[in-house]
Amino acid sequence: MPIIRVALDVPLSTLFDYVVSVDTQLEIGQRVIVPFGRKQVLGLAMEWAEQSELASERIKPVTQVLDDVPPLPQELLTLLRFCSDYYHHPLGMTALSALPTRLRTVEPITLKQSLEYALSAAGKALDVATLPKRRVVQQRILQALSQIPMSGAQLRSLSPSAPAALKALVEAGWVELCAPVPRTAHVFNSAHMLTAEQQQAVDAVAQQAGYGCFLLHGITGSGKTEIYVHLMHEMLQRGGQVLLLVPEINLTPQLENYFRSRFPDVELVSLHSGLADGERAQNWLKAQAGEARIVLGTRLAVFAPLPQLGLILVDEEHDASFKQQDGLRYSARDVAIFRANQRGVPIALGSATPSLESWYNAQSGRYRLLRLTQRAVQPATLPIVRCIDVNQLPLQDGLSQPLLAAIEARLQRGEQSLIFINRRGYAPVLMCTACGWLSECKHCAGKLVLHLKDRTLRCHHCGFQQRVPHACPTCGDADLKPVGIGTQRMEETLHSYFPQARILRVDRDSTRNKGAWDAMRKQIHDGEADILIGTQILAKGHDFPNLTLVGVLNPDGALYSADFRASEKLFAQLTQVGGRAGRADKAGEVIVQTAFPNHPLFQALRAHDYEAWAQTLLAERQMAGFPPFVYQVLLSAEGKQEKEALAFLHQARVAALNLAMPVEVYGVVPAAMPRRANHHRAQLLVQSDKRKTLQEFLRAWKPTLDGMPAHKLRWSLDIDPLEF
Ligand code: ADP
Ligand code: ZN
Ligand code: ZN
């Protein structure tokens, strides 16, 4: 009887053999239920086996083949194998973690028949102009449907009140549901004439036959999104599917509506962890069926099956959130590049501040560099960046005189200001003025952050929280002082300086509730806020035309950080926030309060010279022997007992040295956060100047690691790590 090898969600690097009775229909890529231990578990049929290493009487039969959804395509299975190999993560866990949660359960899935709305005979006969004027949304829907039938989602993008209007139209008998008609052409709302630079970029990618990786380096506001739109149009005309990866869930609903408005009758789905399980599975299956022509998603979307994939786009390619930090620690950007290569299609990586890895690849000719040097909307220019030397101009409550004056000027002119501060809470720590006691987390090597709103001290690492004590726990003194500035404290300070101003704080605390951030964004757009105080949530990809000032409060920590990527990140972040200022007809200004105004980072920021900055950083990295000049793997271990974690790592280190391969093996060191949630954390770094050598080393080293006793520990390998 035939033997099938099945991927299971267990931490072993093998597949598992099962027999299939001859009258069972089973295809590779199908989900199956199989016995494992005493349980019945879900697996994925990966390959047929000639024979098994197990004695035939020990091989159990497949319990059930799930045929509610079509089998996963071979191409995806190949991609999963590549990820498992490259990231040295068990194949079964890799394969199953790529599936939407709903497909990992055994309950059958009923595919929703996607219906469309169309005008009925009565609707076609109706003269839209005879409807009362106040029924604008109804009119808009009828107008749209007179062109072409549309899905509910497409109609919803027309207006927030579209569902109610649609209901009324259906009740009136003017609109009806029907099965979708297959279409070849699509409507394309070409909003802008491309600039010459944009056109060149579009042409270069569109003319690429087969695989090619393009790095689209465009200053903020240069119209990268417009390039994506035109490339999508091109690929849709050729019958291809397009995958667009974006870093943040926050941004997807906005972008989704935007792309729908540009392609009103194209089936577009999004894939991200903010979707309900059922919806995510439906969207994934629509992608797999080829029905969804545009797939917009966060990193997990890189695994969506796309039978007609013609182009991959990665927006803000430098963003660290493309890297998964647990389980399969993959970089969605890197997997996307592999996928484009495997599939033989072009891929474009867009950013105003490319990662040094990508920039280096563009310099060496592995990627093709496309430049956008001008802002798309004339006369919008880049903001003027000023550094305030905090050694010369002392701060009051964290604010300098010039920044206060600049905010005041914006208030006078009815324009918006953004104060960027990457610390949520009221103050990063609480201190006793009598004995110097600091609020520390019992469970972590970190400080408890003061949150005054609910009078708690909270650990941002492990979630521990407690009431603010009335007196110092060590000496009993009642004089406890907040030290440093968080977003809540800045909000309070700005209220006291500008009592009339409408202040909006945007951070993880204020946007936690569903819909809160959407509501705030609307407030900002509608001009209902004068001063925004925000963490990086505010920095990314938003377009606030009335915002003309960005104040950056205390960026200096990153300049001399132990993390060698900190200054790269800071430059990207400041370019992003700065890019929020002055996008429309108003010039923007960025004011940075720093003790190091002459640092090369700020010089480059003032000159808007990413390229010079990238050259400086690359030279430093080459000298120091850091990525992108070397490839790294980080072995991390954590456990309740520090000595156990260390012993494991030391043993791993000896094993690495014994392999005597041309890799550099560093010493065992504590993690940047040496204790978290009562676990001691340490790590071991290994690197090589060749990716291939590092991979060979890992293939030799990993089995030893797997064989080492580690029952009280958690350990993991992170290939191409971003966090240490
Ligand atoms: P980026 O993603 O590079 O920051 P966007 O794509 O958001 O830039 O474009 C910035 C603004 O310029 C948007 O409002 C967009 O509609 C507009 N825009 C883009 N391309 C053009 C063009 N060719 N002509 C006029 N406006 C454009
Ligand atoms: Zn004290
Ligand atoms: Zn903690």
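You'll find the structure just up there.
Numbering of residues starts from 1 in every chain and runs along the sequence as written. Chain A is the first chain written and ligand 1 is the first ligand written, with later ones labelled in order. Local features in this predicted model are restricted to residues of pLDDT 70 or higher, and side-chain atom pairs are both shown and tallied only at a pLDDT of 80 or more, whereas totals for entire chains, interfaces and linings draw on every residue. To obtain the side-chain values, all non-hydrogen atoms of the structure were included, while hydrogens and water were left out.

What follows concerns the coordination of the zinc ion (ligand 3). Each metal site lists N, O and S donors within 2.8 Å (3.2 Å for Na, K and Ca). With water left out of the atoms, a site can look as if it is missing ligands. The coordination sphere of the zinc ion (ligand 3), as far as protein atoms go, consists of Cys441 (SG), Cys444 (SG), Cys459 (SG) and Cys462 (SG), spread over 2.3 Å. Four donors are marked tetrahedral only if all angles between them lie between 85 and 135 degrees, whereas four are marked square planar and six octahedral if opposite donors are more than 155 degrees apart and the other angles lie between 65 and 115; the remainder are marked irregular. Each of the four donor atoms around the zinc ion (ligand 3) contributes to a set of angles spanning 106 to 114 degrees, which defines the coordination as tetrahedral. Site description for the zinc ion (ligand 3): donor spacing in sequence, C-x2-C-x14-C-x2-C. With Cys444 in the loop between strand E17 (429-432) and strand E18 (449-451) and Cys462 in the loop between strand E19 (456-458) and strand E20 (465-467), this residue pair connects regions lying 18 residues apart in the sequence. Numbering of helices and strands runs from the N terminus; a helix is a DSSP stretch of H or I covering at least four residues, while a strand is a stretch of E covering at least two.

This next bit is on the pattern of salt bridges. In what follows, salt bridge is the name for a side-chain nitrogen of Lys or Arg lying within 4 Å of a carboxyl oxygen of Asp or Glu. According to the stated counting rule, one finds 40 salt bridges in the structure shown. As a salt-bridge pair, Arg565 and Glu357 come within 2.9 Å of each other at their nearest N and O atoms. In this pair, Arg565 is assigned in the loop between strand E24 (547-552) and helix H16 (566-579) and Glu357 in helix H12 (residues 356-363), connecting sequence segments 208 residues apart. An identical accessibility class is assigned to Arg565 and Glu357; each is buried. For the salt bridge of Asp454 with Arg458, the shortest nitrogen-to-oxygen distance reads 2.6 Å. Residue burial is assigned from relative accessible area. The probe radius is 1.4 Å, only protein chains are included, and a residue is buried under 20% of its type maximum, exposed over 50%, and partly exposed in between. Judged by its relative accessible area of 33%, Asp454 is partly exposed. You can call Arg458 buried: its relative accessible area is 16%. Among the charged side chains, a salt-bridge network with shared partners connects Arg386, Arg410, Arg413, Glu415 and Glu589.

Okay, the pairing of strand E23 (residues 531-534) next. The side-chain alternation of E23 yields two buried faces, one formed by Ile531 and Ile533 and the other by Leu532 and Gly534. Should DSSP find at least two bridges between two strands, the strands are regarded as paired. Alignment of strand E16 (residues 416-420) against E23, held across four bridges, turns out to be parallel. By the bridge assignment, Ile419 is partnered in E23 with Ile533. For strand E22 (residues 503-506) and E23, the ladder comprises four bridges, and the chain directions are parallel. The residue of E23 that forms the bridge with Val506 is Gly534. When the strands point away from the viewer and the path from the first strand over the helix to the second turns clockwise, the crossover is right-handed. In this fold, the crossover linking E22 to E23 by way of helix H15 (residues 516-525) has right-handed handedness.

Next up on the list: the site of ligand 1. Taken together, 17 residues lie around ligand 1, and Met193, Gln198, Gly221, Gly223 and Lys224 are the ones closest in. Between ligand 1 and Ser222, the relevant distance is 3.2 Å, taken from an oxygen atom to a main-chain nitrogen or oxygen of the residue. Distance and chemistry together define a polar contact, namely a pair of N or O atoms within 3.5 Å, with one atom able to donate a hydrogen and the other to accept it when in protein, and with adjacent residues in sequence counting only for side-chain atoms on both sides. Lys224 has a polar side-chain atom sitting 2.9 Å from an oxygen atom of ligand 1. Note on areas: Shrake-Rupley, 1.4 Å probe, and residue coverage restricted to the protein chains presented here. The protein chains hide 77% of the 560 Å² of surface that ligand 1 would expose on its own. In terms of residues, the shell around ligand 1 owes the most to one element, helix H8 (residues 224-237), which gives three residues. Under the convention adopted here, Pro, Cys and the residues Ala, Val, Leu, Ile, Met, Phe, Trp and Tyr are nonpolar, Asp, Glu, Lys and Arg are charged, and Gly plus all remaining residues are polar. The residue inventory of the shell around ligand 1, partitioned by class, reads five nonpolar, eight polar and four charged. Only heavy atoms are used to decide nearness, and a residue is near a molecule or strand if one of them lies within 4 Å of it.

Reading across from one edge, E27-E28-E26-E29 is the order of the four strands in this open sheet, with antiparallel pairing throughout. A strand with exactly one partner marks an edge of an open sheet, and here the two such strands are strand E27 (664-676) and strand E29 (713-719). When the angles between neighbouring strand axes are averaged without regard to direction, this sheet yields 20 degrees. Examined bridge by bridge, strand E26 (residues 631-639) and E29 share seven bridges and lie antiparallel to one another. Residue pairing for E29: Leu635 is matched across the bridge by Leu717. Two residues form a contact once any of their heavy atoms are found within 4.5 Å. Note on definitions: angles span 0 to 180 degrees between N-to-C directions of axes, and those axes are lines fitted to C-alpha atoms, for helices only across the stretch in contact. Along the sheet, helix H20 (residues 691-707) contacts E26, strand E28 (679-688) and E29; its crossing angle with E29, the most-contacted strand, is approximately 165 degrees.

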